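# Observations on chain architecture
Next come the chains, spelled out residue by residue.
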Amino acid sequence: MNKILITRAVPERFLNDLQQMSEVTMYPEELKPMPREAFLEQSNDKTVVITMLSDKVDREYIDNCPELKAVINLAVGYDNIDLDYAAEKGIIVCNTPDVLTETTAELAFTLMLVTARRITEAAEMVQSGGWVGWSPYLMAGKDVYGKTVGIYGMGMIGQAFAQRCKGFGMKILYHNRSRHEEAEQGIGVSYAEFDELIKESDYVVCTAPLTDETKGKFNKEVFQQMKNDAIFINIGRGGHVIEEDLLQAVQNQDILAAGLDVLAVEPIKEDHPFLKEPNIVILPHIGSASVETRDAMIQLCVDNARHILNSEEPLTAVKNK
């Protein structure tokens, strides 16, 4: 009999289809990731696993799962999975692209606005009783309308983000590993070399996937080349950033501020130095967190699993490059 493991609690209504064709085991926690030892132990006899980004599907894991046919990631990213080894073992890897594009782009744009206009600081001032009156420069932030934004990564999310920037009359630069002529013609974005993008942009927004090429891309040298009043936004992966360098860049006023939805280690602890900096806004990795989008992501995982168990082509298999 086919067996499925889901490594985080999801609403029971999504399980009906799967339970009709397989035995389903679901880790009961919503917030806490499945411990590694339990992940290995409970996957040993599974046909399909529905994983989160926090679940490391490496050689050790794959070798531990002789019955495994597919790994389905509840995310558009899949840097937690060893694609090469999975392919070598004939294991299908799926993700959840497209369904979260608009929601994630919306969050990126929100984070840019919130950071630029110091919304978090202002709200905390009111809540703490620190608002004692009005002054001309009280919580004065930085305009977004008409500014230059540089987008690092012109995939689907980068394009959706650019569409929102267009409505704010922004000049839109982008850097990608290859030119995206369709986006240039359809949206009106302009390709720039990476050095040009970081030097000219008022806002630098990272939407790229994490690869060997993009890991640690934003470091001390990069931040020092940015404008002193530039704002850095990251909704890609925490691994894109050398966090010590970003902290120093904000403290030394090499850049004005940063807005982050992703970090190198998540969740961060209470003593993380970013939390002491009012010019660094941190969100708890909620890029795709709308009810409608999370429902669509889970349903896509379920649909992929059903197709695979029925010996049909999965809907969103990741192609190993």
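It should be emphasised that the depicted structure is a prediction, and the values quoted were computed from it without experimental measurement.

## Brief notes about the side chain of Asn 234
Within the secondary structure, Asn 234 is located in strand β10 (residues 231–234). Excluding residues within four positions of it along the chain, Asn 234 makes contact with Cys 206, His 240, Val 241, Gly 259, Leu 260, Asp 261 and Val 262.

## So, unusual backbone geometry
The omega angle of the peptide bond from Glu 266 to Pro 267 is -5 degrees, so this bond is cis rather than trans. Relative to the helices and strands, Pro 267 is located in the loop between β11 (257–260) and β12 (280–282). In the Ramachandran plot, Arg 118 falls in the positive-phi region, its phi being about 55 degrees despite a non-glycine side chain. Note that Arg 118 resides in the loop between α5 (101–116) and α6 (119–127).

## Structural notes on the nonpolar core
In terms of nonpolar packing, the biggest core is built from 50 residues, with Met 112, Val 149 and Phe 161 touching the most fellow members. Formed jointly, this core draws a minimum of three residues from each of two domains, domain 1 (3–95 + 291–310) and domain 2 (100–282). Not counting residues up to four positions away in its chain, the partners in contact with Phe 161 are Ala 105, Ala 108, Phe 109, Met 112, Val 149, Ile 151 and Val 205. Phe 194, Val 222, Phe 223 and Ile 280 belong to the second largest nonpolar core, which has 26 residues in total.

## A look at the domain arrangement of the protein
Per the domain assignment, the segments making up the protein are domain 1 (3–95 + 291–310) and domain 2 (100–282). Put simply, the middle of domain 1 and the middle of domain 2, counted by C-alpha atoms, are 32 Å apart. The interface of domain 1 with domain 2 comprises 6 residues on the first partner and 4 residues on the second. For the domain 1 and domain 2 pair, buried surface summed over both sides reaches about 490 Å², with 61% attributable to carbon and sulfur atoms. The three residues of domain 1 that bury the most area against domain 2 are Val 76, Asp 79 and Thr 293, which together make up 73% of that side's buried surface. Counting every contact that joins domain 1 to domain 2 gives 1 salt bridge. Two residues, Arg 237 and Asp 79, come together in a salt bridge whose shortest N-O distance is 3.1 Å. Scanning the region where domain 1 abuts domain 2 turns up 2 residue pairs in polar contact (both at pLDDT 80 or more). Taken together, the residues that form the side of domain 1 that touches domain 2 break down as 3 nonpolar, 2 polar and 1 charged.

## Some thoughts on the side chain of His 240
With respect to the element layout, His 240 can be found in the loop between β10 and α11 (243–251). Among the polar contacts listed, one links the side chain of His 240 to the backbone oxygen of Arg 237, at a separation of 3.0 Å. With sequence-adjacent residues up to four places away left out, His 240 is seen in contact with Cys 206, Ala 208, Pro 209, Leu 210, Thr 214, Gly 216, Lys 217, Phe 218 and Asn 234.

## Some remarks on the pattern of salt bridges
For the structure on display, the rule yields 14 salt bridges. Linking Asp 58 and Arg 36 is a salt bridge whose minimum nitrogen-to-oxygen distance equals 2.8 Å. Taken together, the residues Asp 58 in the loop between β3 (48–51) and α3 (59–63) and Arg 36 in helix α2 (residues 36–43) connect sequence positions 22 residues apart. Among the residues examined, Asp 58 registers a relative accessible area of 18% and is labelled buried. Classification of Arg 36 by relative accessible area gives partly exposed; the value is 30%. Taking the shortest distance from any N to any O, the salt bridge between Asp 202 and Lys 142 comes out at 3.9 Å. Linking Asp 202 in the loop between α9 (194–200) and β9 (203–206) with Lys 142 in the loop between α6 and β6 (148–152), this pair joins segments that are 60 residues apart in sequence. Residues Asp 202 and Lys 142 agree in their burial class; the two are buried. In the salt-bridge network here, residues are joined through shared partners; they are Lys 142, Asp 202, Lys 227 and Asp 229.

## So, the sheet that holds β6
With parallel pairing, 7 strands are arranged side by side in an open sheet as β8-β7-β6-β9-β10-β11-β12. Each edge of the open sheet carries a strand with a single partner, namely β8 (190–191) and β12. Pairing of β6 with β9, which is carried by 4 bridges, proceeds in the parallel orientation. Counted as the bridge partner of Gly 150 is Val 204 from β9.

## Topic: the sheet that holds strand β1 (residues 3–6)
The strand order across the open sheet built from 5 strands is β2-β1-β3-β4-β5, with neighbouring strands paired in parallel fashion. Each end of this open sheet is capped by a strand with a single partner; those strands are β2 (23–26) and β5 (92–94). Sheet twist, expressed as the average angle between the axes of neighbouring strands with direction ignored, equals 15 degrees. Inspection of the sheet shows strand β4 (residues 70–73) paired to β5 by 3 bridges, in the parallel sense. Directly across from Ala 70, in β5, lies its bridge partner Ile 92.

Rules used in this analysis
Residues numbered from 1 in each chain as written. Predicted model: local features only at pLDDT ≥ 70, side-chain atom pairs only at ≥ 80, totals over all residues. Heavy atoms only, no water. Helix = DSSP H or I, 4+ residues; strand = E, 2+ residues; numbered from the N terminus. Contact = heavy atoms within 4.5 Å. Core = buried A, V, L, I, M, F, W, Y, C linked by side-chain atoms within 4.5 Å. Buried < 20%, exposed > 50% of the residue type's maximum accessible area, 1.4 Å probe, protein only. Domains from an automatic or database assignment. Buried area = accessible area lost by both parts, 1.4 Å probe. Salt bridge = Lys/Arg side-chain N within 4 Å of Asp/Glu carboxyl O. Polar contact = N/O pair within 3.5 Å; in protein donor to acceptor, adjacent residues only side chain to side chain. Nonpolar A, V, L, I, M, F, W, Y, C, P; charged D, E, K, R; others polar. Pairing = 2+ DSSP bridges. Axes fitted to C-alpha atoms, helices over the stretch in contact; angles between N-to-C directions.

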